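# Coordinates in review
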Amino acid sequence: MAFKVTFIGAGSVGFTRRLFSDLMTVPEFRDIQVSFMDINPHNLDMVTRLCQRDLDEHGIPIRIHSTTDRREALRDAKYVIVCFRIGMLEAFELDVDIPLKYGIDQCVGDTLCAGGIMYGQRGVAVMLDVCKDIREVAHPDAMILNYANPNAMMTWAANKYGGVKTLGLCHGVQGGHRQIAEALGYRQDEVDIICAGLNHQTWYLSVKHNGEDLLPKILPAYEADEALSRTEKVRIDMLRNFGYYSTESNGHLSEYVAWYRKRPGEVEKWIDLGTWINGETGGYLRVCREGRNWFEEDFPNWMQEPPQSYLPADRSQEHGSHIIEGLETGRVYRGHFNVMNDGCITNLPAECVVEVPGYIDANGVNIPKIGDLPLGCAAICSQSAWVQRLSVEAAVAGDITLLRQAMLMDPLTGAVCTPAEIFQMVDEMLIAQAQWLPQYKDEIQRAKVRFADPATHIPPRDYTGIRLKEKSVEEMRANKEESRKNATEADKAKERPSAQ
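All values reported here derive from a predicted model rather than from experimental measurement.

### Details of the overall build of the protein
Scanning the protein from N- to C-terminus turns up 21 helices and 12 strands. Since a compact globule built from 500 residues should have a radius of gyration of about 23 Å, the 22 Å found for the protein is in line with a globular shape. A principal-axis box enclosing the C-alpha atoms of the protein has dimensions of 65 × 55 × 50 Å. Relative to its full complement of 500 residues, the protein shows a buried share of 59%. A fraction of 71% describes how many contacts in the protein between residues 6 or more apart in sequence connect residues 24 or more apart. Working note: accessible area of the protein is about 19,400 Å², and carbon and sulfur atoms make up 51% of it.

### Examining the packing of helix H18 (residues 419-432) against helix H19 (residues 441-451)
Running from amino to carboxyl end, H18 crosses H19 at an angle of 125°, the nearest separation of the two axes being 9 Å. Relative to H19, the element H18 is oriented oblique. Seen along the crossing, H18 lies across H19 with a hand that is left-handed. Mapping the contact onto sequence places Gln-424, Asp-427, Glu-428, Leu-430 and Ile-431 in H18 and Ile-444, Ala-447, Lys-448, Arg-450 and Phe-451 in H19. Residue composition of the contact of H18 with H19, by class: 5 nonpolar, 1 polar and 4 charged.

### What to know about the state of the cysteines
Working definition of a disulfide: a covalent bond connecting the sulfur atoms of two cysteines. Taken as a whole and judged by the stated rule, the model has 0 disulfides. Cys-51 takes part in no disulfide bond, and the closest cysteine sulfur, belonging to Cys-83, lies 11 Å away.

### Observations regarding the pattern of salt bridges
Per the stated rule, a full pass over the model turns up 40 salt bridges. The partner of Glu-474 in a salt bridge is Arg-477, and the shortest N-O contact between them spans 3.8 Å. Of this pair, Glu-474 and Arg-477 both sit in helix H20 (residues 473-477), separated by 3 residues, roughly a single helical turn. Its relative accessible area of 54% is what places Glu-474 among the exposed residues. One salt-bridge network, held together by shared partners, links Arg-70, Arg-71, Lys-132, Asp-133 and Glu-136.

### Things to note about the packing of helix H6 (residues 151-160) against helix H15 (residues 375-397)
Taken N-terminus to C-terminus, the directions of H6 and H15 make an angle of 55°; their axes are 10 Å apart at the nearest point. In terms of axis orientation, H6 runs oblique to H15. As for how H6 packs across H15, the hand of that crossing is right-handed. Taken together, the residues of H15 that come into contact with H6 (itself represented by Ala-152, Met-153, Trp-156, Ala-157 and Lys-160) are Ala-385, Gln-388, Arg-389, Ser-391, Val-392 and Glu-393.

### Some thoughts on the pairing of strand E10 (residues 333-340)
Among the 8 residues in E10, 7 count as buried, and that is most of the element. Judged from the 8 bridges that link them, E10 and strand E11 (residues 353-361) form a sheet pairing that is antiparallel. Bridge pairing in E11 links Gly-335 to Gly-358.

### Let's talk about helix H4 (residues 88-101)
The end-to-end C-alpha distance of H4 is 21 Å, a good match for the 20 Å that 14 residues give at a rise of 1.5 Å each. Buried within H4 we find Leu-89, Ala-91, Phe-92, Asp-95, Val-96, Ile-98, Pro-99 and Leu-100. Once H4 finishes, Gly-103 follows within two positions and takes phi at roughly 90°, a positive value.

### Section: the side chain of Ser-384
Note that Ser-384 resides in helix H15. The class of Ser-384 is buried, set by a relative accessible area of 0%. Not counting the four nearest positions on each side in its chain, Ser-384 is found in contact with Leu-112, Leu-198 and Gln-201.

### Structural notes on the packing of aromatic side chains
Counted by the stated rule, this structure contains 15 aromatic pairs. For the ring pair Phe-295 and Trp-302, a centre distance of 4.9 Å and an interplane angle of 55° mean the geometry is tilted. Given the relative accessible area of 6%, Phe-295 is considered buried. Sitting over the face of the ring of Phe-92, Arg-85 holds its NZ or CZ atom 4.0 Å from the ring centroid. Lying over the aromatic face of Phe-423, Arg-404 brings its terminal NZ or CZ to 4.6 Å of the ring centre.

### Quick word on the nonpolar core
In globular proteins that are soluble, nonpolar side chains generally tend to be buried together. Grouped together as the largest cluster of nonpolar side chains are 123 residues, with contacts concentrated most on Phe-7, Phe-20, Met-24 and Phe-36. If near-sequence neighbours (up to four positions away) are discounted, Phe-7 is found in contact with Thr-16, Leu-19, Phe-20, Leu-23, Val-34, Ser-35, Phe-36, Met-37 and Ile-81. Residues Cys-195, Tyr-204, Val-207 and Ala-221 belong to the second largest nonpolar core, which totals 17 residues.

### Notes on the environment of Gln-106
Position of Gln-106 relative to the elements: it lies in the loop between H4 and helix H5 (113-137). Exposure remark for Gln-106: the relative accessible area of 1% places this residue in the buried category. Within the structure, Gln-106 has its side chain in polar contact with the backbone oxygen of Asp-95 (distance 3.0 Å).

### Regarding the confidence of the model for the protein
Taken residue by residue, the protein gives an average pLDDT of 94. The fraction at 70 or more is 97%. Ignoring residues within four places in sequence, the model shows residues 496-500, a span with pLDDT below 50, making 19 contacts including any to other chains.

About the criteria used
Residues numbered from 1 in each chain as written. Predicted model: local features only at pLDDT ≥ 70, side-chain atom pairs only at ≥ 80, totals over all residues. Heavy atoms only, no water. Helix = DSSP H or I, 4+ residues; strand = E, 2+ residues; numbered from the N terminus. Rg over C-alpha atoms; globule rule 2.2 N^0.38 Å. Buried < 20%, exposed > 50% of the residue type's maximum accessible area, 1.4 Å probe, protein only. Contact = heavy atoms within 4.5 Å. Areas by Shrake-Rupley, 256 points an atom, 1.4 Å probe, with all protein chains shown as cover. Axes fitted to C-alpha atoms, helices over the stretch in contact; angles between N-to-C directions. Parallel < 35°, antiparallel > 145°, perpendicular 65-115°, else oblique. Left-handed = near helix turned anticlockwise from the far one by under 90°. Nonpolar A, V, L, I, M, F, W, Y, C, P; charged D, E, K, R; others polar. Disulfide = S-S within 2.5 Å. Salt bridge = Lys/Arg side-chain N within 4 Å of Asp/Glu carboxyl O. Pairing = 2+ DSSP bridges. Expected span 1.5 Å × (residues − 1). Phe/Tyr/Trp six-rings, centres within 6.5 Å; stacked < 30°, edge-to-face > 60°. Lys NZ or Arg CZ within 6 Å of the ring centre and 35° of its normal. Core = buried A, V, L, I, M, F, W, Y, C linked by side-chain atoms within 4.5 Å. Polar contact = N/O pair within 3.5 Å; in protein donor to acceptor, adjacent residues only side chain to side chain. pLDDT = per-residue confidence, 0-100.

Pasting the structure below:
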């Protein structure tokens, strides 16, 4: 088959190598065109060399086109896989550390809360530039497969303002599916699920085994499990209160609602430090930095080891390759995708991005109508959807009023901070991230004046969260297998050991 796939943000070794290897498990795709693009030439070179080595070892004739020129990479592309992080780890650190000064304790900070909102301000502007390039130089039927967070905001902006059909993709549903099945004593493929909601706030509405309804068994199973009852306290509490299990992990879910991270003395009751995703303050930032440092250290060894397997049995559950396979070959693929609502979930806003079941085949993307979410679940998602909408509109227009309103309406941010604190925090984040926020150029100048005024300045809180020490390269050498897994996994929360 002759078509082109372009990776934007290809310097991310975990996502790029994993998704590219998945594509190569499809026999018909062994002669496609592939382009890797990233603004960091060093990371791009390492990932390209690694993936090209894998191809050469398997005797596959594809030659990866590697470039820092986005338009060149997008020329004639039919599928565009977006996996960039605007501002990289430098901006990510600001997303976590500045809100922490105001008492906002985030485990991740890439979807909602103060960090996710600011991440969206940076990402939306670039996503719209990518869409412009796609409209001008890519294949007329080009599609974006978006892995970039905040996923709902990015997918929303690309569809509404970018003029490019876009699916948002995430592995949260698959991870929770696997966990539920194992907790109930089954393999993942033995349990059928239906999920619906928002990305990272999706609910398992139906869980069945051979037609048997397993929903009533989930809470007792989790409460009886020694490890899960300690590591998934937030998810279990949400299940008790709202009747349905959430796709998102303990730490991530805890920062999307108002109740679990609002007071320092309360946070430790809801988290577990066995692994970052159970709730560690800034946990994802820490493991991302460790993974980046280890990739730099260990890269020469990777080039000497056996190539990535292209066996179907080793294909991951990431949706990207399966979607392209379904569209190009007609083989039916069922998954959960982020799409514009358009009445799919009837008690959420018509204009929002929902995560719902869908089917892919030669006819395209087919999304069935879900109807109403359970009322409590809909209430949680509805508030988040409005935060996302305010954030998207703020990012598109560079509107500080809408940005402030998004922060005010965010559940955890609003639970922790007063309006005056939120406004000052917004000013501080705009100033610190100015290089990635061209749409706020004029507002940033005004923010500098306000932030420097001693008469109104609010001193930071003495709060540092519950953080673990970042491992040095020397410390990571003591467990090279674990360090390499962190550096290579697309899903850095796939394995969730608990603290002893």
